[in-house]
Amino acid sequence: MRFRDPGYTPAFRDVAGLLEHLDKTEDEDEAKLVERAILRLDPMHRERAAEAAVARARAAVRPGRGRLTRLVGRMAEVEAAKAWLVEAVGDADPKTRHTAARALSKVDPTPAIGRAVTAAWDRGGDDDRRALAPALARVGGEEAKKRLAGGSGRETVRASLILERTEARAEPGAIDVDASPAQPRTIRFHARRGLEPIVAMEIGEGARVIGPGVVEAMLEGPLSRALAVRTATHVSFPIATKAGSLVDRILSEASLDVLRTFTKGRPIRFRLAWAGGGKRRARAWEEAARIRDATKELVNDPRASTWEIVVAEDDTIALVPRGFEDRRFAYRGALVPASSHPTIAAAIAFVAPRRADDVVWDPFVGAGAELVERAKLGPCAKLVGTDLDPKAAEAARANLAAAGIANATIEVADALEWAKEAREPVTLILSNPPMGRRVQRGTHHDVLETFVDRAARVLAPGGALVWTVPEPKRIRARAARAGLVLERAWSMDMGGFPADLAVYRKPV
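Residues numbered from 1 in each chain as written. Predicted model: local features only at pLDDT ≥ 70, side-chain atom pairs only at ≥ 80, totals over all residues. Heavy atoms only, no water.

Trainee: Could you give an account of the overall build of the protein, naming the residues involved and the relevant values?
Mentor: Assigned secondary structure in the protein consists of 21 helices and 17 strands. The C-alpha extent of the protein, read off along each of the three principal axes, is 90 × 60 × 35 Å. Expressed as a percentage of the 508 residues in the protein, the buried residues total 51%. Taking the contacts inside the protein whose residues are at least 6 apart along the sequence as the reference set, 71% of them involve residues at least 24 apart. Carbon and sulfur atoms make up 50% of the accessible area of the protein, which amounts to about 23700 Å² in all. (Helix = DSSP H or I, 4+ residues; strand = E, 2+ residues; numbered from the N terminus. Buried < 20%, exposed > 50% of the residue type's maximum accessible area, 1.4 Å probe, protein only. Contact = heavy atoms within 4.5 Å. Areas by Shrake-Rupley, 256 points an atom, 1.4 Å probe, with all protein chains shown as cover.)

And the structure:
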């Protein structure tokens, strides 16, 4: 009974006894425990174990024959196991052939598998075809497509959709970022809550905040202009049409115009997502089947979708382009724990005052995103980053190099000590310092308050401190005592807790 122990890993000498128990037991829960124990066998014995399981399955009767076939199916990378599944898909025992069919749906098809599955479909009844449908979709081809099209039931419809999406991947589409709408079109920029005003500032004229995390503007040129906004997480095209069913809205002229304008290649691949969260798989399959019945221009493909269609609670939709390479933050090859989200780093740099002779210091440099973002906004005299963690310093150097930034110096140093020893005034300090919920639990407030005093000393007159801080009231009071003036602050979501993105200035 050692198989009941989840830590039990059998030796190969135990396999025969375990297979016999799997064959003969009348307890299905016990059978599953035996199967799991066999699957924990050392990989070096897996082929012999699969061959032994096949031999036992050939001689077994129900229900053991079906159980043994299920085990064989989980070792289908072994040729002997695959051969048994091909044979068993035509077995006289329904459970055995259905189990074999389900296993073959997860195996790369071969001519032998294709022949066996097709033959089983042709002679099978409705129950057999429900089990065979996913395997037939995996086999693919025109003959499989015809058979699935003539079938009925939810499993067959799903299998037909899977086959079509698989075929569609042979001609991958993509978002055409250089395409422009025929006339100005409403586009929405999505951002972390609290960053909406900053996103609007980066977009410029005509942008307006319309809700938490959403800024709206008009797209008049190529889509690439919208995708270049660094403080936004992504963009979407809202579809105003509210009449009819969800499928009617997806296939409306307004929706199809966006999809056609900004998609290279056909068919247009999409996935459904729900604004309220959750998978809602059953409804997604149903709606995808309705779309398939209405048009061949769109194919549902959750894994390799060019577009995400976000469905709100009232079934209004927004189209989110996904099939393109976002190169905005391509420099981020190295990350460390508590690395800044790139759009936060971009926001910190964007709101900071800038001048060409800036000496910029990030006291808690992490992976260096804030320095990179500042450098991308315009020239500066020098970039300096310090961090206590050598791995962070290494990551920052790598990311700065990847961004093509040469005038940066990264040191392994304590920010408080570095500030006391600084050889020249700093004109701009920007940072997303470590938060207590991630690192330095219990000490970060003391560190940040002490740092405010040091920052006030090292800043040149007219210089600025731009950073994110939790519990901003304490920092504001400390900054005022140190002689720093709060110019502006935005309360933002840091991923589960609030913090201020604040701009402090040292008077001239």
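Trainee: Describe the packing of helix α5 (residues 79-88) against helix α6 (residues 94-104), and please don't skip the residues or the numbers.
Mentor: Where α5 contacts α6, the two axes come as close as 8 Å, and the packing angle between them is 130°. In terms of orientation, α5 lies oblique with respect to α6. The two elements α5 and α6 meet at a crossing, and its hand is left-handed. Contacts between α5 and α6 involve Trp84, Leu85, Val86 and Ala88 from the first element and Thr96, Arg97, Ala100, Ala103 and Leu104 from the second. Counted by class, the contact of α5 with α6 contains seven nonpolar, one polar and one charged residues. (Axes fitted to C-alpha atoms, helices over the stretch in contact; angles between N-to-C directions. Parallel < 35°, antiparallel > 145°, perpendicular 65-115°, else oblique. Left-handed = near helix turned anticlockwise from the far one by under 90°. Nonpolar A, V, L, I, M, F, W, Y, C, P; charged D, E, K, R; others polar.)

Trainee: Tell me about the side chain of Asp358, and name the residues and values.
Mentor: Mapped onto the elements of the fold, Asp358 is located in the loop between α16 (342-351) and β11 (359-362). Judged by its relative accessible area of 2%, Asp358 falls in the buried class. Here the side chain of Asp358 touches Arg355 through a polar contact of 3.0 Å, landing on its backbone nitrogen. Of note is the side chain of Asp358, whose polar atom sits 2.6 Å from the side chain of Thr427. (Polar contact = N/O pair within 3.5 Å; in protein donor to acceptor, adjacent residues only side chain to side chain.)

Trainee: Outline the nonpolar core, supporting the account with residue identities and numerical values.
Mentor: If you look at the biggest cluster of nonpolar residues, it comprises 71 residues, and the most contacted ones within it are Phe189, Leu223, Phe237, Trp307, Leu319, Val466 and Leu501. If one sorts the elements of this core by residue count, α16 sits on top with five residues. Listed in part, the 49 residues of the second largest apolar core include Phe3, Ala37, Ala57 and Leu148. (Core = buried A, V, L, I, M, F, W, Y, C linked by side-chain atoms within 4.5 Å.)

Trainee: Requested: an account of the sheet that holds strand β13 (residues 408-412), with residues and values cited.
Mentor: Judged by pairing direction, the sheet is mixed, and its seven strands sit side by side in the order β13-β12-β11-β14-β15-β17-β16 without closing on themselves. Two strands close off the open sheet at either side, each with one partner strand: β13 and β16 (485-493). Across the sheet, the axes of successive neighbouring strands diverge by a mean angle of 15°, strand direction being ignored. Where strand β12 (residues 382-387) lies against β13, five bridges are found, and the strand directions are parallel. Paired with Gly385 across the two strands is Ile410, which belongs to β13. In this fold helix α21 (residues 472-482) packs onto β15 (459-469), β16 and β17 (498-505), with an angle of close to 15° to the strand it touches most, β17. (Pairing = 2+ DSSP bridges.)

Trainee: Account for the pattern of salt bridges, with residues named and values stated.
Mentor: For side chains bearing opposite charge, pairing can occur when the charged atoms are close. Taken as a whole and judged by the stated rule, the model has 45 salt bridges. Between Lys145 and Glu142 there is a salt bridge whose closest N-O contact spans 3.5 Å. Taken together, the residues Lys145 and Glu142, both in helix α9 (residues 142-149) and three residues apart, mark about one turn of the helix. A relative accessible area of 48% means that Glu142 is categorised as partly exposed. Beyond isolated ion pairs, a larger network of salt bridges with shared partners links Glu449, Asp453, Glu471, Arg474 and Arg478. (Salt bridge = Lys/Arg side-chain N within 4 Å of Asp/Glu carboxyl O.)

Trainee: Could you give me a rundown of the packing of aromatic side chains, with the residues and numbers involved?
Mentor: The tally for this structure, following the rule as stated, stands at six aromatic pairs. Here a set of aromatic residues connected by ring pairs shows up, and it is made of Trp361, Phe364, Trp418, Phe451 and Trp467. Looking at Arg48, its charged tip hangs above the ring of Phe12, at a distance of 3.8 Å from the centre. (Phe/Tyr/Trp six-rings, centres within 6.5 Å; stacked < 30°, edge-to-face > 60°. Lys NZ or Arg CZ within 6 Å of the ring centre and 35° of its normal.)

Trainee: Describe α16, naming the residues involved and giving the relevant values.
Mentor: Given 3.6 residues to a turn, an α-helix orients residues that are three or four positions apart in the same direction. Within α16, nine of the ten residues are buried, which leaves the element mostly enclosed by the surrounding structure. Here α16 has its buried residues at Pro342, Thr343, Ile344, Ala345, Ala346, Ala347, Ile348, Ala349 and Val351. On its buried face, α16 sits against α11 (196-203), α17 (369-377), β14 (426-431), β15, β16 and β17.

Trainee: So what's going on with unusual backbone geometry? Residues and values would help.
Mentor: The omega angle of the peptide bond from Arg62 to Pro63 is 5°, so this bond is cis rather than trans. Within the secondary structure, Pro63 sits in the loop between α3 (46-59) and α4 (64-73). The amide bond that connects Arg266 to the next residue, Pro267, takes the cis arrangement and shows omega of 0°. Position of Pro267 among the secondary structure elements: in the loop between β6 (263-264) and β7 (268-274). Phi is positive for Glu471, which is not a glycine, with a value near 45°. Since its relative accessible area comes to 43%, Glu471 is described here as partly exposed.

Trainee: Any details on a positive patch on the surface? Residues and values, ideally.
Mentor: Residues Lys32, Arg36, Lys95, Arg102 and Lys106 make up a contiguous surface patch of positive charge. Those elements giving two or more residues to the positive patch turn out to be α2 (28-39) and α6. (Patch = residues over 30% accessible without salt bridge, like charges linked within 9 Å, V, L, I, M, F, W, Y side chains within 5 Å. Lys, Arg positive; Asp, Glu negative; His and termini not counted. Charge placed at Lys NZ, Arg CZ, Asp CG, Glu CD.)

Trainee: Please set out the packing of helix α1 (residues 15-24) against α3 residue by residue, giving values where relevant.
Mentor: Following both chains from N to C, one finds α1 and α3 inclined at 35°, their axes separated by 10 Å at the closest point. Crossing angle aside, the handedness with which α1 passes α3 is right-handed. Seen from α1, the contacting residues are Val15, Leu19, Glu20, Asp23 and Lys24; seen from α3, they are Ala49, Ala52, Ala53 and Arg56. When the residues that make up the contact of α1 with α3 are grouped by side-chain class, the tally is five nonpolar, no polar and four charged.

Geometric values such as these leave the question of function open.
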